[in-house]
Amino acid sequence: MATFDESDKFVGKAKIYWNKGQRHCEEQTKRAMNKMTLEEKIKEIREKAASRHALILAHYYTRPEIQEVADFIGDSLALARKAAETDAPVLVMCGVHFMAETCKLLSPEKTVLEPDPAAGCSLADSCRAEDLKAFKEAHPGYKVISYVNTTAAVKALSDCCVTSGNAVKVINSLPKDEKLIFGPDYNLGNYINAISGREMLLWQGGCHVHEKFSVQAILKLKRQYPDALVMAHLECKAPVLALADVKGSTAAMLTYAQSHPGQKQFIVATEAGILFEMRRRCPDQTFIPVPPEVTEGENLTPTESGQGLTTGGSGQGSAAGHTGDKDAAAQDLRIVTGMPTACACNECEFMKLNTLEKIAACLDTLQPQVTIPEDIAREAVKPIEKMLSLS
């Protein structure tokens, strides 16, 4: 286990090389690509990637055009496996920061690029390494099971990692009497406790996207689409999961839809980016996204440009570890990313920070690169490797 005293200058974050020169390059690339069609942009990026012998990885929650240009798309587990097995010397991780860290941990000899270092994760933010360290010290004899949505420094304090796709399998492989701390996602840990009969100590963290799904919105959609099955991600709250016919990771939902072609309608409670791949693989089925819950004093309104949605009201989020200031910043990012007004889909503004222009720029400069201090990396890779061996 890593034991270290963290300071303000390093709070479990990987050091990222990012400078004004990269911003300038990105702006130049953006201006040049604005004159291209989408097909031309994708063709140019693929040519740049080929010249760098780079593999472009993308999560299901990224924009459709990012999934189009990617060499491989998947959920966190599939992306981790791909990063571990590929021979490509350069990886471009289009997702959020912890995913880029995971790639680097599994392939330390490779150059790992992330198109925008600002693509963070509310779950990872909800569990700082120094807080977990103190919690462990207050609970001697407990092993730590960390959701993969955590920083490298938190992984370095953990005994094993899990994803939503393998969490139940990994937890069930451990001795029944083993004392466990599970974090940071409370909803996933609560679900595992409920179906396994365990009493893991749960961290009070949550995903700011999945926390916004409500029972009321799902029931309303069920009245509109009575024949539809409800799919829900395991990061959703217990009352939402109780309504779901299919519970699991994004990959599990996709697999279920593909293996049940006779089921024509699905109500989907996860980040709306998955709908692109669902509709591509299952064109004869209908996928209805569950909109985010609108709290009292909050409303969804078009931005001035008419290209996105922003929220009014106090801006207080429901995810643990997420402050009002962070939610206000997230609202600004919704405007920047230009989310469509056609539907009030529940989207992760951080995932949407990945753009074609940023991918092209990072391939031009091989920046920003992800690096992780050796003492952290040495310990952080162990729980990931254990997870892969158990799943």
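Here the structure is shown first, and the text comes after it.
Small disclaimer: the values here were computed from a predicted structure and weren't measured.

Asks: Just give me the short version of the sheet that holds strand β13 (residues 286-289), but keep the residues and values in it.
Replies: Spatially, the four strands line up as an open sheet ordered β11-β10-β12-β13, and their pairing is parallel. Taken across any chain shown, the strands that pair with only one partner, and hence form the sheet edges, are β11 (246-248) and β13. Taking the axes of each pair of neighbouring strands and ignoring which way they run, one obtains an average angle of 25° across the sheet. Here strand β12 (residues 265-269) runs beside β13; their pairing, made up of four bridges, is parallel. Residue pairing across strands places V268 opposite P289, the latter belonging to β13. Running at roughly 155° to strand β10 (residues 229-233), helix α13 (residues 250-259) makes contact with β10, β11, β12 and β13 of the sheet.

Asks: Explain the packing of aromatic side chains to me, and be specific about the residues and the numbers.
Replies: A full pass over the atoms with the stated rule returns three aromatic pairs. Between Y256 and F266, the ring centres sit 6.3 Å apart and the planes meet at 90°, which makes this aromatic pair edge-to-face. Separated by ten residues along the polypeptide, Y256 in helix α13 and F266 in strand β12 bring together distant segments of the chain. Classification of F266 as buried rests on a relative accessible area of 0%.

Asks: Help me get a handle on the pairing of strand β6 (residues 143-147), residues and values and all.
Replies: Of all five residues making up β6, four are buried, and the element is well covered by its neighbours. Sheet topology note: the β6/strand β8 (residues 180-183) ladder contains four bridges and is parallel. Within the sheet, the bridge partner assigned to I145 lies in β8 and is F182. For β6 and strand β7 (residues 160-162), the ladder comprises three bridges, and the chain directions are parallel. Among the inter-strand pairings, S146 is bridged to a residue of β7, identified as C161.

Asks: I'd love a proper account of unusual backbone geometry, names of residues and values included.
Replies: Cis geometry is found at the peptide bond from G183 to P184, where omega equals 0°. When you line up the elements, P184 lands in the loop between β8 and α10 (186-196). P368 follows Q367 through a cis peptide bond whose omega is -5°. In this model, H53 sits at a positive phi of 55°, which is unusual for a non-glycine residue. Along the chain, H53 falls in the loop between α2 (38-52) and β2 (54-59). A relative accessible area of 57% places H53 in the exposed class.

Asks: Describe the sheet that holds strand β5 (residues 111-113), listing the residues and the values that go with them.
Replies: Spatially, four strands are ordered β3-β2-β4-β5 in an open sheet, and the strand pairing comes out parallel. In this open sheet, the two edge strands, each paired with only one partner strand, are β3 (72-74) and β5. Geometrically, the sheet is characterised by an average inter-axis angle of 20° between neighbouring strands, direction not taken into account. Looking at chain direction, β2 and β3 are connected through three bridges and run parallel. Bridge pairing links A58 to I73 in β3. The strands touched by helix α5 (residues 97-106) are β2, β4 (90-94) and β5; relative to β4, the strand with the most contacts, the crossing angle is about 155°.

Asks: Describe the environment of K358, with residues and values.
Replies: With respect to the helices, strands and loops of the structure, K358 is situated in helix α16 (residues 356-365). A relative accessible area of 11% means that K358 is categorised as buried. For the pair K358 and D116, spaced 242 residues apart in the sequence, the C-alpha separation amounts to 7.0 Å.

The rules behind these values
- Residues numbered from 1 in each chain as written.
- Predicted model: local features only at pLDDT ≥ 70, side-chain atom pairs only at ≥ 80, totals over all residues.
- Heavy atoms only, no water.
- Pairing = 2+ DSSP bridges.
- Helix = DSSP H or I, 4+ residues; strand = E, 2+ residues; numbered from the N terminus.
- Axes fitted to C-alpha atoms, helices over the stretch in contact; angles between N-to-C directions.
- Contact = heavy atoms within 4.5 Å.
- Phe/Tyr/Trp six-rings, centres within 6.5 Å; stacked < 30°, edge-to-face > 60°.
- Buried < 20%, exposed > 50% of the residue type's maximum accessible area, 1.4 Å probe, protein only.

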